[in-house]
Amino acid sequence: MIKVENLFFSYQCKDVVKNINFTIREGESLAIIGPSGCGKTTLVYLLANLLTPNQGQIKINNSIIDNIRKKTGVILQNYGLFPWKTVYDNVSLGLEVRHFNKKKIKEKVLEVLNRLNIEEYKDNYPAELSGGQRQRVAVARSLILKPDLLLMDEPFSALDAITREEMQNLILHIHKDNNLSFIIVTHNIDEAVFLGQNIAIMKEGTFIDQLDNPYFGDFKLREKEEFFKLCKNLRTMMSGDDLL
Amino acid sequence: MIKGKKLNIIKGALFITIIWYFIHLLISSNIIPDPFTVFLNFFEILIPVLLPHLAMSLYRILTAVVLALIIGVSLGLLIGRNERVDQYISPIIYLLYPIPKIAFLPIIMLLLGLGNRSKIVLIIIIVVFQIIVTTRDSVKNVDPEYFYSAQSIGISSLQTYQHIIIPAILPQILTALRITVGTSIAVLFYAENFATQYGIGYYIMNSWIMVNYVDMFSGILAVSFLGLLIFKSIDIIEIRFCLWINVKNTKGVNNQ
Ligand SMILES: Nc1ncnc2c1ncn2[C@@H]1O[C@H](COP(=O)(O)OP(=O)(O)OP(=O)(O)O)[C@@H](O)[C@H]1O
Ligand SMILES: [Mg+2]
């Protein structure tokens, strides 16, 4: 369970995250939607403890997080892949620094690359891949560390519509297979509705609204009436913002 | 690609030879001997005469450059990674950097003796600044997202040097190294005019004093090949360790 209470953060003297509160139960998901510059990335950094809040606390499974947590996976806005490492080395790095033996690493890396359908690119550098393939590498790099919580910062915003839906389905599959909790930050209403069991609307550093999504988890949701209703609903709630 | 580069060097050599030949014709004095006489002489004296001089120069350059790299990169990393240290050390570097250190050769020779040590130290204090400043700036320019990314998968700060910082700055370090080697050869040429019987700089100046222009030009040719050898070695290091840069260049894909 993740419980965030009263979270504040400022860069120098600019308040960027103000009074964020939410709870997600184990195995649930949260989609955070909001306009550019509203503090989404900063919030992800706080949740991952890459930044330290000025005020408030984050509790995961009842312990306060004041360190980088081993079981929290993060996919950063620009994927965070290292251009000087091959796909294989990018994915294996997390295990390598945890001193797994070489054979075990190879086994695990090939397994996860295979699962994400990018095994054939293992010797390529990120610059040689398409956006979707890079995204898969970023997912692979997080999954290999067996997280119980995955934080994603606009992971699919650079992808075309079809690849984007593919990736969304993939995340939903992984979520179901591993009972993975995840938080996804997005600009995109469809994405928030498809991947958010809870949906939070963020504006100027704070959640201005939150809603439940009873239809979450259905792979065919995009074709259904409820989906459009919920999207419309969400759009109305956010109205006034210049979002898609 | 490699084959094409080899061809380019031959083309370049041919071009220089033609220009050289024309200048020779134009000046028609033995100050500029004709290239073919020089080439013949060069191959004749290469092994018995030039090689010992070259070996000594190469030894001095390599020792100086390796030491300068070790000192410069460590200092650059220290400054680049610590705002506080940067505040105190950078002004000192800016004050010392422009001083014409070559003027200190007599003092260095007094302090360290006339031998190799003073020549090597002179090269080090001249080139180390380029390496410090390049390292410092490239460390500061590493995209912070890489550090966040590394932290998020549990990389310790020591491992960050191995996996993030060094690979990220290596291309710039190699560029600094190329500039440094050029400077080193020039400085060495000067330093080898004092208190030594060996070194390609000594050989060239000595031929000049003896008014043997063919030997002098053979020596210059030797310096050129020495430089080429070192630059090519750096290229090989780059191809081996910075493969990702080449990937980016050949495919024309912008990374991330
Ligand atoms: N390192 C920093 N120093 C100072 N201010 C910053 C820094 N990073 C971000 N900010 C500011 O904080 C605010 C929130 O930035 P953040 O990156 O969290 O927004 P975002 O919601 O992720 O935007 P986007 O959707 O464009 O990615 C912005 O106004 C930005 O200018
Ligand atoms: Mg952002």
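The shown structure was predicted, so the numbers you read here are calculated from the model rather than taken from an experiment.

Participant: Tell me about the overall build of chain A, and please be specific about residues and values.
Facilitator: Per the secondary structure count, chain A includes seven helices and ten strands. Computed over its C-alpha atoms, the radius of gyration of chain A comes to 18 Å, within 12% of the 18 Å expected for a compact globule of 244 residues. Its C-alpha atoms give chain A principal-axis dimensions of roughly 50 × 40 × 30 Å. Counting across all 244 residues of chain A, residues that qualify as buried make up 55%. Counting only contacts in chain A whose residues sit at least 6 apart along the sequence, the fraction spanning at least 24 positions is 69%. Taken as a whole, chain A presents about 11,100 Å² of accessible surface, with 45% of it coming from carbon and sulfur. Each charge class in chain A can be summarised by its mean position, and for the 31 positive and 31 negative side chains these summaries are 5 Å apart.

Participant: I'd like a description of the environment of K101(B), backed by residues and values.
Facilitator: Residue and element names in this part refer to chain B. Structurally, the position occupied by K101 is in the loop between α3 (83–96) and α4 (105–112). Assessed through its relative accessible area of 9%, K101 is described here as buried. Only 3.2 Å separates the side chain of K101 from the backbone oxygen of L96, close enough to count as a polar contact.

Participant: Any details on the coordination of the magnesium ion (ligand 2)? Residues and values, ideally.
Facilitator: Residue and element names in this part refer to chain A. Here the magnesium ion (ligand 2) is held by the protein donor atoms T41 (OG1) and Q77 (OE1), which lie 1.8 to 2.3 Å from it. With T41 in helix α1 (residues 40–47) and Q77 in the loop between β6 (72–75) and α2 (87–96), this residue pair connects regions lying 36 residues apart in the sequence. T41 sits in the partly exposed class, given a relative accessible area of 22%.

Participant: Summarise the nonpolar core; cite the residues concerned and give the values.
Facilitator: Residues V91(A), V139(A), F182(A), V193(A), L195(A), L234(A) and I200(B) are the most contacted members of the largest nonpolar core, which totals 120 residues. Setting aside residues no more than four positions away along its own chain, L195(A) makes contact with S29(A), F156(A), Q168(A), I171(A), L172(A), F182(A), I184(A) and F216(A).

Participant: Break down the pattern of salt bridges for me, with residues and values.
Facilitator: Within the structure shown, the criterion is met by 18 salt bridges over all chains. With a shortest N-O distance of 2.9 Å, D148(A) and R69(A) are connected by a salt bridge. Of this pair, D148(A) sits in the loop between α4 (131–143) and β7 (149–153) while R69(A) sits in the loop between β5 (63–64) and β6, and the two are 79 residues apart along the sequence. The class for R69(A) is buried, based on a relative accessible area of 15%. Note that K224(A) is salt-bridged to D218(A), the shortest N-O span being 2.5 Å. Salt bridges here are not isolated pairs; linked through shared partners, they connect D86(B), R136(B), D137(B) and K140(B).

Participant: So, the interface of chain B and chain A: which residues are in play, and what are the values?
Facilitator: With 24 residues of chain B at the interface, the matching set in chain A holds 29 residues. A buried area of about 2,500 Å², summed over both sides, lies between chain B and chain A, and 62% of it is on carbon and sulfur atoms. Where chain B packs against chain A, one counts seven residue pairs in polar contact (both at pLDDT 80 or more). Mapped by element, the contributors of at least two residues to the side of chain B that touches chain A are α6 (144–152), α7 (157–191) and α10 (243–251) of chain B. Residues of the side of chain B that touches chain A, tallied by class, amount to twelve nonpolar, nine polar and three charged.

Participant: Could you give an account of the side chain of N198(A), naming the residues involved and the relevant values?
Facilitator: All names here are of chain A. As for its placement among the helices and strands, N198 is situated in strand β9 (residues 198–203). Judged by its relative accessible area of 13%, N198 is buried. Residue contacts for N198: discarding those within four places in its chain leaves I24, E28, S29, L30, A31, L211 and D212.

Participant: Any details on the domain arrangement of chain B? Residues and values, ideally.
Facilitator: Here chain B is described as being made up of domain 1 (1–32) and domain 2 (45–255). Between the C-alpha centres of domain 1 of chain B and domain 2 of chain B there is a distance of 27 Å.

Participant: Can you explain helix α7 (residues 225–237) of chain A? Please cite residues and give values.
Facilitator: Residues and elements named next belong to chain A. For α7, with 13 residues, the first-to-last C-alpha span of 19 Å sits near the 18 Å given by 1.5 Å per residue. Every buried residue of α7 is listed here: F227, L230, C231 and L234. Viewed along the axis of α7, the buried residues span an arc of 100°, placing them on a single side of the element. Along α7, exposed side chains directed more than 90 degrees from the buried face belong to E225, K229, K232 and T236. Against α6 (189–195), β9 and β10 (206–212) lie the buried residues of α7.

Participant: So what about the sheet that holds β6(A)? Which residues, and what values?
Facilitator: Residue and element names in this part refer to chain A. Read from one edge of the open sheet, six strands run β6-β7-β8-β3-β9-β10, paired in mixed fashion. Each edge of the open sheet carries a strand with a single partner, namely β6 and β10. Going across the sheet, the axis of each strand differs from the next one's by a mean of 15°, ignoring polarity. With five bridges connecting them, strand β3 (residues 29–33) and strand β8 (residues 181–186) associate as parallel partners. Bridge pairing in β8 links L30 to I183.

Participant: Before we move on, can you summarise the packing of aromatic side chains with the specific residues and values?
Facilitator: The full count for this structure, using the stated rule, is 16 aromatic pairs over all chains. Taken together, a centroid distance of 5.7 Å and an interplanar angle of 65° make the contact between W84(A) and W244(B) edge-to-face. Placement of the pair is W84(A) in the loop between β6 and α2 and W244(B) in helix α10, with the two residues belonging to separate chains. W84(A) gets classed as buried once you look at its relative accessible area, which sits at 10%. Taken together, the ring pairs in this structure connect W20(B), Y21(B), F36(B), F39(B) and F217(B) into an aromatic cluster. Cation over ring: R222(A) sits above F194(A), and NZ or CZ is 3.7 Å from the ring centre. Between the NZ or CZ atom of R240(B) and the centre of the ring of F241(B), over which it lies, the distance is 4.7 Å.

Cut-offs applied
Residues numbered from 1 in each chain as written. Chains lettered and ligands numbered in written order. Predicted model: local features only at pLDDT ≥ 70, side-chain atom pairs only at ≥ 80, totals over all residues. Heavy atoms only, no water. Helix = DSSP H or I, 4+ residues; strand = E, 2+ residues; numbered from the N terminus. Rg over C-alpha atoms; globule rule 2.2 N^0.38 Å. Buried < 20%, exposed > 50% of the residue type's maximum accessible area, 1.4 Å probe, protein only. Contact = heavy atoms within 4.5 Å. Areas by Shrake-Rupley, 256 points an atom, 1.4 Å probe, with all protein chains shown as cover. Lys, Arg positive; Asp, Glu negative; His and termini not counted. Charge placed at Lys NZ, Arg CZ, Asp CG, Glu CD. Polar contact = N/O pair within 3.5 Å; in protein donor to acceptor, adjacent residues only side chain to side chain. Donors = N, O, S within 2.8 Å, 3.2 Å for Na, K, Ca; no water. Core = buried A, V, L, I, M, F, W, Y, C linked by side-chain atoms within 4.5 Å. Salt bridge = Lys/Arg side-chain N within 4 Å of Asp/Glu carboxyl O. Buried area = accessible area lost by both parts, 1.4 Å probe. Nonpolar A, V, L, I, M, F, W, Y, C, P; charged D, E, K, R; others polar. Domains from an automatic or database assignment. Expected span 1.5 Å × (residues − 1). Arc of directions from axis to C-beta. Pairing = 2+ DSSP bridges. Axes fitted to C-alpha atoms, helices over the stretch in contact; angles between N-to-C directions. Phe/Tyr/Trp six-rings, centres within 6.5 Å; stacked < 30°, edge-to-face > 60°. Lys NZ or Arg CZ within 6 Å of the ring centre and 35° of its normal.

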